[in-house]
Amino acid sequence: LPPAELALEATGYERGTIVPLGSTTAWPVFADASISGRIAMGAGRHGASLLVDAAALIRSLDATVADICTEPEG
């Protein structure tokens, strides 16, 4: 993770609350291929979340979908 000050300066959000919506900069968005259905995502502040349709969010953000997550061993 970037230092907290750098994250805030770059995105306008505190680290841990960064979301792909509402940013003053158009950042590339990546989504893991396994997400589907209704998902919870951060809402730009600590303690808040949004429930959204994954497919609609991916489409609206023109996100790159890839196998980017790994499952824990064990």
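Preceding this paragraph is the structure being described.
Okay, so let's go over this structure. (Residues numbered from 1 in each chain as written. Predicted model: local features only at pLDDT ≥ 70, side-chain atom pairs only at ≥ 80, totals over all residues. Heavy atoms only, no water.)

Describing the overall build of the protein chain
- A count of helical and extended segments in the protein chain gives 2 helices and 4 strands.
- Taken from the N to the C terminus, the helices and strands of the protein chain come in the order α-β-β-β-α-β.
- Based on the C-alpha atoms only, the size of the protein chain along its principal axes is roughly 35 × 30 × 25 Å.
- Out of the 74 residues in the protein chain, the part that is buried amounts to 20%.
- Across the protein chain, contacts joining residues at least 24 apart in sequence account for 39% of those joining residues at least 6 apart.
- In the form shown here, the protein chain has an accessible surface area of approximately 5,600 Å², with 55% of it arising from carbon and sulfur atoms.
- On the protein chain, the mean spot of the 4 positive side-chain charges and the mean spot of the 9 negative ones are 12 Å from each other. (Helix = DSSP H or I, 4+ residues; strand = E, 2+ residues; numbered from the N terminus. Buried < 20%, exposed > 50% of the residue type's maximum accessible area, 1.4 Å probe, protein only. Contact = heavy atoms within 4.5 Å. Areas by Shrake-Rupley, 256 points an atom, 1.4 Å probe, with all protein chains shown as cover. Lys, Arg positive; Asp, Glu negative; His and termini not counted. Charge placed at Lys NZ, Arg CZ, Asp CG, Glu CD.)

Points about the nonpolar core
- Core analysis: the biggest nonpolar cluster contains 7 residues, these being Y13, V19, I39, M41, V52, A54 and L57.
- At the level of elements, β2 (38-42) and α2 (54-61) are the ones that each hand at least two residues to this core. (Core = buried A, V, L, I, M, F, W, Y, C linked by side-chain atoms within 4.5 Å.)

Thoughts on the side chain of T17
- With respect to the helices, strands and loops of the structure, T17 is situated in the loop between α1 (4-11) and β1 (30-32).
- Of note is the side chain of T17, whose polar atom sits 2.6 Å from the backbone oxygen of E14.
- Setting aside its immediate chain neighbours within four residues, T17 contacts G44, R45 and H46. (Polar contact = N/O pair within 3.5 Å; in protein donor to acceptor, adjacent residues only side chain to side chain.)

Let's talk about α2
- Taken together, the buried positions of α2 are occupied by A54, L57 and I58. One side of α2 carries all its buried residues, which in axial view fall inside an arc of 100°. Those residues of α2 that are exposed and angled more than 90 degrees off the buried face are R59 and S60.
- In the core, the buried residues of α2 are packed alongside β1, β2, β3 (49-53) and β4 (64-66). (Arc of directions from axis to C-beta.)

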